[in-house]
Amino acid sequence: MTAERETSRSIDDTAADWIARLDRGPLSEEENQAFEAWLRGDPRRRGALLRADAVAMLSESAQALGPQFDPRQFAAGEKPRGVSRRKLIAVIGTGGTIAALAGLGFSLPAAAITTGLGEVRLVTLDDGSTVMLNTQTSVKVHYGASERRVELLYGEAFFTILQDARRPFFVEVTGARLRASQANFRVRKLAGKPIDVLVDQGDLELRAARLPAPLAIPASSRVILPPNLGPAALPATQPIAPDLVSRELAWREGKIAFEGEPLDQAAAAFARYSRTRIEIRDAELAREPVAGLFSASDPVGFSRAVARLFDAEIEQRGDVVVLSRRQP
């Protein structure tokens, strides 16, 4: 027998109770474990928690909430002209939550999320949709009453979008806008390279000011956006095989997949994830094709495997791993 799904009302009630407990003081170890277990459940709980926290900020007694506090009694009051910046609920686990507060009558500035070198982060949005950020990636999240929108400033992100009939989902990247209803897709924006869009499941619609009409991007396809996107340079949709999708998205599992790329290109891929650089001293060795699945955080292990495969020498000098052909 399956468990009965929680109603939105019951989730909101529980969230309000947790806000009251948190405002009274630090949780005990037992309470903290219960709180984290509750958050790990239904994805709607994170959004409900932040909504309850925002409503609590509207009350003059928010600094001394008691067990009888009911934030719903403040929801029907006059809309505030401003909101003080009170610390929100801490991020729990591997993901964060961005609140959609438009329904409460006010909005917050765009929330920026950035990953560092070698960091991969999963962010759960208010509606249960998720964004997984690859290494050295930055996005801004804008959630409002009429649309959900994420700006990809730089890097690479994988989106899992849940359907919302009232609010379409958009990803904005350098003059282009991708519209999604319910889809899984990746957008990559790296310095010096064209924007790369890969759709795993669902459908996307590409819109740009210089395009004569929206471009449909179906599932299992890829589009490379030219820098001079417009009527004279329309992007071509390329169908892709499932194995290529898996290789392109291997970074979500902390891996890098190669299928015949030259060694110098593989070395550049590792440089995105680690301060340890792979330097190839021999031009012929740099052109050797590489295939396999490797840990993105282990450039030294990759270099050792390459050295064995191509009978090369390896030397580590601080943060640099040097590969060269063996001397006769």
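What counts, and at which threshold
Residues numbered from 1 in each chain as written. Predicted model: local features only at pLDDT ≥ 70, side-chain atom pairs only at ≥ 80, totals over all residues. Heavy atoms only, no water. Helix = DSSP H or I, 4+ residues; strand = E, 2+ residues; numbered from the N terminus. Buried < 20%, exposed > 50% of the residue type's maximum accessible area, 1.4 Å probe, protein only. Contact = heavy atoms within 4.5 Å. Areas by Shrake-Rupley, 256 points an atom, 1.4 Å probe, with all protein chains shown as cover. pLDDT = per-residue confidence, 0-100. Polar contact = N/O pair within 3.5 Å; in protein donor to acceptor, adjacent residues only side chain to side chain. Pairing = 2+ DSSP bridges. Axes fitted to C-alpha atoms, helices over the stretch in contact; angles between N-to-C directions. Left-handed = near helix turned anticlockwise from the far one by under 90°. Nonpolar A, V, L, I, M, F, W, Y, C, P; charged D, E, K, R; others polar. Phe/Tyr/Trp six-rings, centres within 6.5 Å; stacked < 30°, edge-to-face > 60°. Lys NZ or Arg CZ within 6 Å of the ring centre and 35° of its normal. Salt bridge = Lys/Arg side-chain N within 4 Å of Asp/Glu carboxyl O.

Of the regular secondary structure elements, the chain holds 7 helices and 19 strands. A burial count over the chain gives 42% of its 328 residues as buried. If you take every contact in the chain between residues at least 6 apart in sequence, the share linking residues at least 24 apart comes to 51%. Per element, the accessible surface of the chain, about 17600 Å² overall, is 49% carbon and sulfur.

On average, residues of the chain carry a pLDDT of 80, and 77% of them reach 70 or more. Below pLDDT 50 for its whole length, residues 58-109 participates in 86 contacts with residues either more than four positions away or in separate chains.

Along the chain, the position of Tyr143 falls in strand β5 (residues 138-143). Taking the relative accessible area as the measure of exposure, Tyr143 reaches 10% and is therefore buried. Separated by 17 residues in the primary sequence, Tyr143 and Asp126 place their C-alpha atoms 8.4 Å from one another. Side-chain polar atoms of Tyr143 contact the side chain of Asp127, separated by 2.9 Å.

With a phi close to 50°, Gln136 is a non-glycine residue in the positive phi region. Here Gln136 shows up in the loop between β4 (130-133) and β5.

In this section: the sheet that holds strand β16 (residues 277-280). Ordered by their spatial adjacency, 3 strands build an open sheet running β16-β19-β18, and the pairing between neighbours is mixed. Either end of the sheet is taken by a strand with one partner, and the two such strands are β16 and β18 (312-317). Averaged over neighbouring strand pairs, the angle between their axes works out to 20° when direction is ignored. In this structure, β16 lies alongside strand β19 (residues 320-325), joined through 4 bridges in parallel fashion. Counterpart to Glu279 in the pairing with β19 is Val322. Taken strand by strand, helix α7 (residues 299-309) contacts β16, β18 and β19, and its axis lies near 155° from that of β18.

One way to put it is that helix α1 (residues 8-24) packs onto helix α2 (residues 29-39) with a least axis distance of 12 Å and a crossing angle of 150°. In the packing of α1 onto α2, the handedness of the crossing is left-handed. Of α2, the residues touching α1 (which contributes Ile11, Thr14, Ala15, Trp18, Arg21 and Leu22) are Glu31, Ala34, Phe35 and Trp38. In terms of residue class, the contact of α1 with α2 is built from 7 nonpolar, 1 polar and 2 charged.

On to the packing of aromatic side chains, then. Considering all chains together, one arrives at 8 aromatic pairs under this definition. Centre to centre, the rings of Trp18 and Phe35 are 5.1 Å apart; their planes meet at 55°, and the pair counts as tilted. Residue Trp18 is located in helix α1, and its partner Phe35 is located in helix α2; the two are separated by 17 residues in the primary sequence. The residues Trp18 and Phe35 share a single accessibility class, namely buried. Look at Phe258 and Phe302: their rings are 5.9 Å apart centre to centre, the planes differ by 50°, and that puts the pair in the tilted class. Of this pair, Phe258 sits in strand β15 (residues 255-262) while Phe302 sits in helix α7, and the two are 44 residues apart along the sequence. The exposure class assigned to Phe258 is buried, which follows from its relative accessible area of 5%. We classify Phe302 as buried; its relative accessible area is 1%. Taken together through their ring pairs, the aromatic side chains of Phe258, Phe270, Phe294 and Phe302 make up a single cluster. Seen from the ring of Trp18, Arg21 lies directly overhead, with NZ or CZ sitting 4.2 Å from the centre. Over the aromatic face of Phe170 sits the side chain of Arg177, whose NZ or CZ is 4.0 Å from the ring centroid.

Let's shift gears to the pattern of salt bridges. Under the definition given, this model contains 22 salt bridges. The shortest N-O distance in the salt bridge between Arg21 and Asp17 comes to 3.0 Å. Placement of both Arg21 and Asp17 in helix α1 is noted, with a separation of 4 residues, approximately one turn of the helix. Among the ionic pairs, Glu248 bridges to Arg186, the shortest N-O distance being 2.6 Å. Remark: Arg186 occurs in strand β9 (residues 183-189) and Glu248 occurs in helix α4 (residues 242-248); sequence separation between them is 62 residues. Residues Glu248 and Arg186 agree in their burial class; the two are buried. One network of salt bridges, with partners in common, ties together Glu156, Arg186, Arg188, Asp196, Arg222, Glu248 and Arg272.

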